[in-house]
Amino acid sequence: ASDVYKRQERWEPTNVNRIVEEALRAVEAEARAYGVRIRTQLAATLPLVEAQALDLEQVMINLLSNALQAIAASRNGRRVVEVGTSLHGAKEIEVV
């Protein structure tokens, strides 16, 4: 297997806020092109989670891109995507 494939398969301690921020940077130009504003509210501190960081980032990029496309196609005047993270209890992280 290639080095890229091995890297994607590795589970590692991951900062979810960093993943969200990287995904937001990846869709920034798309948001501008659609005239959609992205509003964020990330938790100040979150525990690290064991994850395949690259895969998680790709999922976030896909979700954000889908949201941007849906808003761009909507006739609703509100053109904002809101993204947030929060901690529920000791071990549950929510991304909305």
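Here the structure is shown first, and the text comes after it.
Residues numbered from 1 in each chain as written. Predicted model: local features only at pLDDT ≥ 70, side-chain atom pairs only at ≥ 80, totals over all residues. Heavy atoms only, no water.

1. Considerations on the nonpolar core
No. 1: In terms of nonpolar packing, the biggest core is built from 18 residues, with V20, M60, L64, L68, V81 and V83 touching the most fellow members.
No. 2: Of all elements in the fold, only α2 (16–34), α3 (53–73) and β4 (80–88) reach the threshold of two or more residues within this core.
No. 3: Among the elements that take part in this core, α2 stands out by supplying 7 residues, more than any other.
No. 4: With sequence-adjacent residues up to four places away left out, L68 is seen in contact with V27, E30, A31, Y34, V36 and V81. (Core = buried A, V, L, I, M, F, W, Y, C linked by side-chain atoms within 4.5 Å. Buried < 20%, exposed > 50% of the residue type's maximum accessible area, 1.4 Å probe, protein only. Helix = DSSP H or I, 4+ residues; strand = E, 2+ residues; numbered from the N terminus. Contact = heavy atoms within 4.5 Å.)

2. Quick look at the environment of E28
No. 1: Of note, E28 is situated in helix α2.
No. 2: Distance in space between the C-alpha atoms of E28 and E12 is 26 Å, their sequence separation being 16 residues.

3. Examining the pattern of salt bridges
No. 1: Applying the stated rule across the entire model yields 5 salt bridges.
No. 2: The salt bridge involving R39 is made with E82; its shortest N-O contact spans 3.1 Å. With a gap of 43 residues between them, R39 in strand β2 (residues 37–41) and E82 in strand β4 connect regions that are remote in the sequence.
No. 3: On the accessibility criterion, R39 (37% relative accessible area) is partly exposed.
No. 4: Accessibility expressed as a relative area gives 45% for E82, which makes it partly exposed.
No. 5: The residue E82 makes a salt bridge to R78 at a minimum N-O spacing of 2.6 Å. (Salt bridge = Lys/Arg side-chain N within 4 Å of Asp/Glu carboxyl O.)

4. Some details on α3
No. 1: The terminal C-alpha atoms of α3 lie 30 Å apart, and with 21 residues this matches the ideal 30 Å at 1.5 Å per residue to within 8%.
No. 2: Among the residues of α3, those classed as buried are A53, E57, M60, I61, L64, S65, L68 and I71. Projected down its long axis, α3 carries its buried residues within an arc of 135°, all on one side. Residues of α3 that are exposed and angled more than 90 degrees away from the buried face: L63 and A73.
No. 3: Residues of α3 that are buried in the fold lie against β1 (12–14), α2, β3 (49–51), β4 and β5 (92–95). (Expected span 1.5 Å × (residues − 1). Arc of directions from axis to C-beta.)

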